[in-house]
Amino acid sequence: MNSVGFEKLKTLIEINGLINSNYSDVNALLVYILESAMQLVECESSSLLLVNGQDGSLRFVVALGPKGAEAKNIAVGRNSIAGWVAANNKPLILDDAAHDPRFFSDVQTKTGYVSRTMIALPMRVKEKCIGVIELINKAEQRKFDTNDLEILELLCNQASIAYQNANIYRSAQDTISVLQNNLNSRSEYHNFIAKSPVILDLLHVVAEVAKTNSSVLITGESGVGKELFAEQLHLKSERCNNLFVRVNCAALAPALLESELFGHVKGAFTNAVSDHKGRFEVADKGTLFLDEIGELPLNLQVKLLRVIQSRQFEKVGSSKTLTVDVRIVAATNRNLEEMVEEGTFRRDLYYRLNVLPINIPPLRERKADIEPLADYFLKKFSAETKKNFKGFSSTAVEKMYSYYWPGNTRELENAVERACVLGTPPYVQVEDLKLSYGSTSQGDSLQRLADSSAKETAESAGRDRTLKTALRKFKKAYVTDILQETSWNQTETSKILGIQRTYVSRLLNELHIRDSKY
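As the structure is a computational prediction, the values presented were derived from the model and not from experiment.

**Thoughts on the overall build of the protein chain**
Line of reasoning, step 1. Within the protein chain one finds 21 helices and 14 strands.
Line of reasoning, step 2. When each of the 518 residues of the protein chain is scored for burial, the buried share is 45%.
Line of reasoning, step 3. Sequence-distant contacts, at least 24 apart, represent 70% of the contacts inside the protein chain between residues at least 6 apart.
Line of reasoning, step 4. Surface summary for the protein chain: the accessible area is close to 26,100 Å², and the carbon and sulfur share equals 51%.

Structure follows, in structure tokens:
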């Protein structure tokens, strides 16, 4: 073996060690494989295309070189050099690639990069071609030869094993994640604290509803505890030994939400390097909780309707139909009937979800729950802050009972946590709760706004006096009032209103609210 061959073998051994040292990032692994191949045969550019197992089409996963970034977005037909290599599971050496009848000219046309010489090899897993590695334009106008082919085949063999191991590692990580979520979901059920007759009566309703498999729609203001009722539905049902899977439809971008709900197959889109189980598949035989269902895009509403009707769906990028046995519990703080009339929520889906409706009253309408909830939160946050609080002062209790609680239980929890952080034992004082902004309480503020809206409506004879318009005026006035009290701090406003910060921004646009200073 000459010195050049020895150096290449030494490089190959080093590359092999690095390739097999870390499987956690498949994309980084693929980039390193191509960089290594270019180093071994001394060429200008390279690419790796994966084969779609469904239809045999190819797509760029990695493209390196002068025009790599541009080439990566171009779809490659099956009647191409890479397509031939994949179909025949054999390598090719081309001295004049551009004039080969299999040459796919779109890449050269769109990027302007001229391909002269090329060597293309199959990446195999268990003798099956899963991808194609292409090396283009050997340095100094030289041609690829059998020596290049031999050393690249050694690299491809090791790369295929590493890629397979990386996918196994990814699959194992996904399995571990699912199992961990299962374990967490069993240990993270919330304690259900209630004393008011209206909530205790609702629990009896939940116990009866839990015996069925019908869809349930839980409604109520933000922060009332809709997720806790969904948990109780699951725990009191025959599905209680299976999974309770949670999805917040407002927390994920629409493009990610479809994959999260229904899963995807490898190659369905960029970075889909392995099959992924969706929440419906994970929740099979259990309960799927769809929170913020009113935020679900219309195109996904169609797919959800089908799942509810037939219990069947397809993963993103797949034509194979899966069947699941899932009990669906949905929740929203939005008026779905109003959304149906506006055309932003499907009428047929609304009726399918609303088979067994459960409405959770706000905290201000079940004041008997305020003190037991506050005591529970006090014990929790006293332990976390390592402060020995014994309870609340009489004025603090009085304030909690008189306060309007627009953010409901969530706002009460936040207030007690804040008091534990800022206050001094043994008792939480009224000022520690920091429940009012400015000189008026939320109840006074609401009353004032209600009176103002009523007066305005009474004076608006001959104009639009529908309930929808009146509610919109009140909503605009109330949100504006809270913004003014918080000096237009949208984060603080979202906490008081018990809604997400992004929803406050959306309300500003929808209701045409502007700070008078600007």
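**Considering the nonpolar core**
Line of reasoning, step 1. Judged by nonpolar contacts, the single largest core of 33 residues is most densely connected at Phe280, Leu290, Ile293, Leu304 and Phe345.
Line of reasoning, step 2. Those elements giving two or more residues to this core turn out to be strand S7 (244-248), helix H9 (254-262), helix H10 (279-282), strand S8 (287-291), helix H11 (298-310), strand S11 (327-332), helix H12 (336-342) and helix H13 (347-353).
Line of reasoning, step 3. It is H11 that contributes the most residues to this core, five residues altogether.
Line of reasoning, step 4. Residue contacts for phenylalanine 345: discarding those within four places in its chain leaves Ile293, Gly294, Leu298, Gln301, Leu336, Met339, Val340, Tyr350 and Leu353.

**A short note on the sheet that holds S11**
Line of reasoning, step 1. The strand order S7-S8-S11-S6-S12 describes an open sheet built from five strands, whose pairing is parallel. Two strands close off the open sheet at either side, each with one partner strand: S7 and strand S12 (356-359). Mean inter-strand twist for the sheet, computed between neighbouring axes without regard to direction, equals 20°.
Line of reasoning, step 2. For S8 and S11, the ladder comprises four bridges, and the chain directions are parallel. The residue of S11 that forms the bridge with threonine 287 is arginine 327.

**Describing the packing of helix H7 (residues 197-209) against helix H8 (residues 226-235)**
Line of reasoning, step 1. Where H7 contacts H8, the axes come no closer than 8 Å and their chain directions differ by 40°. When the interaxial angle is binned, H7 and H8 end up oblique. The two elements H7 and H8 cross, and the hand of that crossing is right-handed. When H7 is examined against H8, the residues Ile199, Leu202, Leu203, Val206 and Val209 are found in contact with a partner set consisting of Phe229, Gln232 and Leu233.
Line of reasoning, step 2. The class makeup of the residues in the contact of H7 with H8 is seven nonpolar, one polar and no charged.

**Structural notes on the sheet that holds strand S3 (residues 92-94)**
Line of reasoning, step 1. Spatially, five strands are ordered S2-S1-S5-S4-S3 in an open sheet, and the strand pairing comes out antiparallel. Edge positions in the sheet fall to strand S2 (58-64) and S3, since each has one partner strand and no second. The sheet shows a mean angle of 20° between the axes of neighbouring strands, taken without regard to direction.
Line of reasoning, step 2. In this sheet, strand S5 (residues 128-138) lies alongside strand S4 (residues 118-125) in antiparallel orientation, the contact comprising eight bridges. For leucine 121, the partnering residue across the bridge sits in S5 and is isoleucine 133.

**Some details on the side chain of aspartate 100**
Line of reasoning, step 1. Residue placement: aspartate 100 occurs in the loop between S3 and helix H5 (106-111).
Line of reasoning, step 2. The class of aspartate 100 is buried, set by a relative accessible area of 14%.
Line of reasoning, step 3. Non-local contacts of aspartate 100, meaning those with residues more than four positions away in its chain, are made with Ile81 and Leu94.

**Observations concerning a positive patch on the surface**
Line of reasoning, step 1. A cluster of basic residues, Arg472, Lys475, Lys476 and Arg514, forms a positive patch at the surface.
Line of reasoning, step 2. Within the element layout of this structure, arginine 514 appears in the segment after helix H21 (501-510).

**A word on the pairing of S11**
Line of reasoning, step 1. Within S11, six of the six residues are buried, which leaves it mostly tucked inside the rest of the structure.
Line of reasoning, step 2. With burial as the criterion, each face of S11 is covered, one bearing Arg327, Val329 and Ala331 and the other bearing Ile328, Ala330 and Thr332.
Line of reasoning, step 3. Bridge analysis of strand S6 (residues 216-219) against S11 gives four bridges, and the strand direction is parallel. Bridge pairing links isoleucine 218 to alanine 331 in S11.

**Considerations on the confidence of the model for the protein chain**
Line of reasoning, step 1. With 83% of its residues at a pLDDT of at least 70, the protein chain reaches an overall mean of 83.
Line of reasoning, step 2. Counting interchain partners and residues more than four positions distant, the pLDDT-below-50 stretch residues 437-441 has eight contacts.

**Examining the side chain of serine 222**
Line of reasoning, step 1. Relative to the helices and strands, serine 222 is located in the loop between S6 and H8.
Line of reasoning, step 2. A polar atom in the side chain of serine 222 sits 3.0 Å from the side chain of arginine 410.

**With respect to the packing of helix H19 (residues 467-485) against helix H20 (residues 490-497)**
Helix packing geometry: the angle between the two helix axes and the distance between the axes.
Line of reasoning, step 1. Closest axis-to-axis distance for the H19/H20 pair is 9 Å, and the angle between their directions is 125°. By the angle between their axes, H19 is oblique relative to H20. Considering how the two elements wind past one another, H19 and H20 form a crossing that is right-handed. Taking contact as the criterion, the partners of Tyr478, Val479, Ile482 and Leu483 in H19 are, on H20, Gln490, Thr493, Ile496 and Leu497.
Line of reasoning, step 2. Taken together, the residues of the contact of H19 with H20 sort by class into six nonpolar, two polar and no charged.

**Let's talk about the environment of glutamate 371**
Line of reasoning, step 1. Structurally, the position occupied by glutamate 371 is in helix H14 (residues 370-385).
Line of reasoning, step 2. Assessed through its relative accessible area of 30%, glutamate 371 is described here as partly exposed.
Line of reasoning, step 3. For the pair glutamate 371 and valine 397, spaced 26 residues apart in the sequence, the C-alpha separation amounts to 7.5 Å.
Line of reasoning, step 4. Glutamate 371 has contacts with Val397 and Tyr401, leaving out every residue within four places of it along the chain.

**Description of the environment of isoleucine 136**
Line of reasoning, step 1. Checked against the element boundaries, isoleucine 136 lands in strand S5.
Line of reasoning, step 2. Its relative accessible area of 10% is what places isoleucine 136 among the buried residues.
Line of reasoning, step 3. Residues isoleucine 136 and threonine 117 lie 19 residues apart in sequence; the distance between their C-alpha atoms is 5.8 Å.

**As for the pattern of salt bridges**
Line of reasoning, step 1. In this structure the tally under the stated criterion is 20 salt bridges.
Line of reasoning, step 2. Of the charged contacts, one joins glutamate 140 and arginine 142 as a salt bridge, the two residues approaching to 3.9 Å between their closest N and O atoms.
Line of reasoning, step 3. We classify glutamate 140 as exposed; its relative accessible area is 69%.
Line of reasoning, step 4. The shortest N-O distance in the salt bridge between glutamate 260 and arginine 279 comes to 2.7 Å. Of the two residues, glutamate 260 sits in helix H9 while arginine 279 sits in helix H10, which places them 19 residues apart along the sequence.
Line of reasoning, step 5. A relative accessible area of 24% means that arginine 279 is categorised as partly exposed.
Line of reasoning, step 6. Put simply, Glu42, Glu140 and Arg142 are held in one network by salt bridges that share partners.

Definitions and limits used
- Residues numbered from 1 in each chain as written.
- Predicted model: local features only at pLDDT ≥ 70, side-chain atom pairs only at ≥ 80, totals over all residues.
- Heavy atoms only, no water.
- Helix = DSSP H or I, 4+ residues; strand = E, 2+ residues; numbered from the N terminus.
- Buried < 20%, exposed > 50% of the residue type's maximum accessible area, 1.4 Å probe, protein only.
- Contact = heavy atoms within 4.5 Å.
- Areas by Shrake-Rupley, 256 points an atom, 1.4 Å probe, with all protein chains shown as cover.
- Core = buried A, V, L, I, M, F, W, Y, C linked by side-chain atoms within 4.5 Å.
- Pairing = 2+ DSSP bridges.
- Axes fitted to C-alpha atoms, helices over the stretch in contact; angles between N-to-C directions.
- Parallel < 35°, antiparallel > 145°, perpendicular 65-115°, else oblique.
- Left-handed = near helix turned anticlockwise from the far one by under 90°.
- Nonpolar A, V, L, I, M, F, W, Y, C, P; charged D, E, K, R; others polar.
- Patch = residues over 30% accessible without salt bridge, like charges linked within 9 Å, V, L, I, M, F, W, Y side chains within 5 Å.
- Salt bridge = Lys/Arg side-chain N within 4 Å of Asp/Glu carboxyl O.
- Lys, Arg positive; Asp, Glu negative; His and termini not counted.
- Charge placed at Lys NZ, Arg CZ, Asp CG, Glu CD.
- pLDDT = per-residue confidence, 0-100.
- Polar contact = N/O pair within 3.5 Å; in protein donor to acceptor, adjacent residues only side chain to side chain.

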